[in-house]
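Structure at a glance
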Amino acid sequence: MLHINLFRNFDAAIVRSDTKITAEVLAAGAGSLKVVGRAGAGVDNIDVAAATKHNVVVLNTPGGNSISACELTCILIGALARPVVPAGQSMKEGRWDRKLYSGSELYGKTLAVLGLGRIGREVGIRMKTWGMRIIGYDPITTEAEAKAAGIEKMTLEQIWPLADYITVHTPLIPATKNLINASTLAKCRKGVKVINVARGGIIDEQAVLDALESGQCAGAAFDVFPEEPPKSAVTKALVAHPKVVATPHLGASTGEAQVRVAVEVAEQFIALNGSSPKYTSTAGVINKEALAHYQ
Ligand SMILES: O=C(O)[C@H](O)COP(=O)(O)O
């Protein structure tokens, strides 16, 4: 584990989501630390306000891992349609249970995409080629932008009763916390399936557990959790549930995505340093106030 005092010696740090850049870490680095680069999209592991206070620039690489996160989402949708995870496990245990592991087609089903940014739109584009109807919600994306990705933009109230699958692709902010909860699940079709490759807490885990027990929800896939690694009894029960596919925050964990975010973070550092005319953009800078300190 990285010792907090080491930050006294660093001019810059590059992190993924596991490394928490807290106010304490930033105070330890005060005077030397100038920039924290997030090799990924979410900066919820970095105390941006404290960074700004210490004139530490925080930047991210918002697009570099989108395709990998999108592909994992599509794979998990597939794993909810066809029980490849438990069926594969049963064979490893020496069984041949063909009758237990029947599934359903994705063709003709409706996928709701909540959050039509880079990842959500790419998921829609891919799953449409499987013959799914794609409906979606986003407060910012226009109807025309959604349509260009083959997605019918709707209100949430229109979406709930139509969706066979719901996948979330929003940041975790007050407006999206528990976006899928007991009352919204009750408005859905019986047997709806939900997927979260975005951030833990967008889908209320207890509500999903209850809906799995009642049959209102027929399956769920989670790559992200309110606390990682999970410690709460609710998350543990969810992960253990036979109708749940769980992965340990693997959305960006591909060779390609990691190379892309590493290159993007390096380019942003070079742009900050002003040492290469090739890189003039600091598009990923989160706290422009801190950047202004050096200009
Ligand atoms: O915010 C992100 O970019 C993703 O959640 C990936 O996080 P990671 O880089 O820690 O895998």
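Residues numbered from 1 in each chain as written. Predicted model: local features only at pLDDT ≥ 70, side-chain atom pairs only at ≥ 80, totals over all residues. Heavy atoms only, no water.

Test applied: UniProt positions are given in the numbering used here, feature names are shortened, and annotations may be inferred rather than shown by experiment.
As annotated in an unreviewed UniProt entry, the protein chain is CG6287 from Drosophila busckii. Per its UniProt entry, the protein chain bears the Subunit (unreviewed entry) comment "Homotetramer." Of the protein chain, the UniProt comment under Sequence similarities (unreviewed entry) reads exactly: "Belongs to the D-isomer specific 2-hydroxyacid dehydrogenase family."

Observations concerning the site of the ligand
Filter applied, for reference: Think of it this way: one heavy atom of a residue within 4 Å of a molecule or strand is enough to make that residue near it. Polar contact criterion, stated in full: a pair of N or O atoms within 3.5 Å, where within protein one must be able to donate a hydrogen and the other to accept it, and residues adjacent in sequence count only if both atoms are side-chain atoms. Note on areas: these come from Shrake-Rupley sampling with a 1.4 Å probe, and a residue is covered only by the protein chains present in the view. Amino acids are sorted into nonpolar (Ala, Val, Leu, Ile, Met, Phe, Trp, Tyr, Cys and Pro), charged (Asp, Glu, Lys and Arg) and polar (every other residue, Gly among them).
The immediate surroundings of the ligand are formed by Arg16, Ser17, Arg38, Ala39, Gly40, Ala41, Gly42, Asn65, Arg199, His249 and Ala252. The contact in question runs from an oxygen atom of the ligand to an N or O atom on the backbone of Gly42, over 2.8 Å. Contact with the protein chains hides 91% of the accessible area of the ligand, taken as 320 Å² for the molecule alone. Partitioned by chemical class, the residues of the shell around the ligand number three nonpolar, five polar and three charged.

Topic: the UniProt feature "domain: D-isomer specific 2-hydroxyacid dehydrogenase catalytic" (unreviewed entry) in the protein chain
We count it as follows: Only DSSP runs of H or I reaching four residues or more are called helices, and only runs of E reaching two or more are called strands; each is numbered from the N terminus.
When the UniProt feature table is mapped to this numbering, "domain: D-isomer specific 2-hydroxyacid dehydrogenase catalytic" (unreviewed entry) covers residues 6-272. Counting secondary structure, residues 6-272 comes out at 37% helix and 16% strand; the distance between its end C-alpha atoms is 23 Å.

Digging into the packing of helix 9 (residues 205-214) against helix 10 (residues 233-240)
Using the following cut-off: For helices, the fitted axis covers only the stretch in contact; all axes are lines through C-alpha atoms, and the angles between them, taken along N-to-C directions, range from 0 to 180 degrees. Convention used here: angles under 35 degrees read as roughly parallel, angles over 145 as roughly antiparallel, angles from 65 to 115 as roughly perpendicular, and any remaining angle as oblique. A crossing counts as left-handed when the near helix is turned anticlockwise from the far one by less than a right angle, and as right-handed when that turn is clockwise. A contact between two residues is defined here by any heavy atoms of the two lying within 4.5 Å.
The contact between helix 9 and helix 10 brings their axes to 9 Å, and the two run at 40°. Between helix 9 and helix 10, the angle is such that the two are oblique. Of the two possible hands of crossing, helix 9 and helix 10 adopt the one that is left-handed. Residues Glu205, Gln206, Val208 and Leu209 of helix 9 pack against Val234, Thr235, Ala237 and Leu238 of helix 10. A class-by-class count of the residues in the contact of helix 9 with helix 10 yields five nonpolar, two polar and one charged.

As for the UniProt feature "domain: D-isomer specific 2-hydroxyacid dehydrogenase NAD-binding" (unreviewed entry) in the protein chain
Mapped onto the present numbering, the UniProt feature "domain: D-isomer specific 2-hydroxyacid dehydrogenase NAD-binding" (unreviewed entry) falls at residues 76-251. Across residues 76-251, the secondary structure splits into 34% helix and 17% strand, with the terminal C-alpha atoms separated by 11 Å.

Topic: the sheet that holds strand 4 (residues 110-114)
Test applied: Pairing between strands requires that DSSP locate at least two bridges from one strand to the other.
Spatially, 6-5-4-7-8-9-10 is the arrangement adopted by the seven strands of the open sheet, whose pairing is parallel. The open sheet is flanked by strand 6 (152-153) and strand 10 (244-246), the only strands paired with a single partner. Each of strand 4, strand 7 (165-168), strand 8 (192-196), strand 9 (217-222) and strand 10 is contacted by helix 3 (residues 66-81), which is oriented at about 150° to strand 8, the strand it contacts most.

What to know about the layout of surface pockets
Cut-off, in case you're wondering: A pocket, in this scheme, is an open set of points on a 1 Å grid over the protein atoms alone with protein on both sides within 12 Å along at least 5 of 7 lines, while a cavity is a set where a 1.4 Å probe fits but cannot get out; residues line either one if an atom lies within 4 Å of a point. Grid points are joined across faces, edges and corners, and a volume is the space filled by probe spheres set on the points.
Estimates place the volume of the second largest pocket at around 480 Å³. Considering the residues around the second largest pocket, the lining is formed by 24 residues, among which Pro83, Pro86, Pro242, Lys243 and Val244 are closest to the centre. Contributions of two or more residues to the lining of the second largest pocket are made by helix 3, helix 4 (84-92), strand 9, helix 10 and strand 10. Across the lining of the second largest pocket, the residue classes tally to 16 nonpolar, five polar and three charged.

Focus: the side chain of Thr184
Note the threshold: When accessible area is computed with a 1.4 Å probe and restricted to protein chains, residues below 20% of their type maximum are described as buried, those above 50% as exposed, and intermediate ones as partly exposed.
Here Thr184 lies in helix 8 (residues 182-186). Classification of Thr184 as buried rests on a relative accessible area of 8%. If we skip the residues at most four places from it in the chain, Thr184 touches Trp160 and Leu179.

Considering the sheet that holds strand 2 (residues 35-38)
Strand order in this open sheet of three strands is 1-2-3, and the pairing throughout is parallel. Of all the strands in the sheet, just strand 1 (12-15) and strand 3 (57-60) have a single pairing partner and so form its edges. Put simply, the sheet's adjacent strands are angled 15° from each other on average, direction ignored. By the bridge criterion, four bridges tie strand 1 to strand 2 in an arrangement that is parallel. In the strand pairing of strand 2, Ile14 is matched with Gly37. Taken strand by strand, helix 11 (residues 255-273) contacts strand 1, strand 2 and strand 3, and its axis lies near 140° from that of strand 3.

Side note on the domain arrangement of the protein chain
Our working rule: What fixes the domain bounds is an automatic or database domain assignment. Summed over both partners, the accessible surface that disappears when two parts come together, traced with a 1.4 Å probe, is what is meant by buried area. Note on definitions: salt bridges are taken to be side-chain nitrogens of Lys or Arg within 4 Å of carboxyl oxygens of Asp or Glu.
Along its sequence, the protein chain is carved into domain 1 (4-63 + 255-293) and domain 2 (66-246). Each of domain 1 and domain 2 has a C-alpha centre, and these two points are 31 Å apart. Contacts between the two partners involve six residues from domain 1 and, on the opposite side, four residues from domain 2. Summed over both sides, the interface of domain 1 with domain 2 buries roughly 490 Å², with 30% coming from carbon and sulfur. Contact with domain 2 buries surface across domain 1, with Asp44, Pro62 and Gly63 losing the most and accounting together for 54% of the total. Counting every contact that joins domain 1 to domain 2 gives one salt bridge. One can count two residue pairs in polar contact (both at pLDDT 80 or more) joining domain 1 with domain 2. Class assignment of the residues belonging to the side of domain 1 that touches domain 2 gives a composition of two nonpolar, two polar and two charged.

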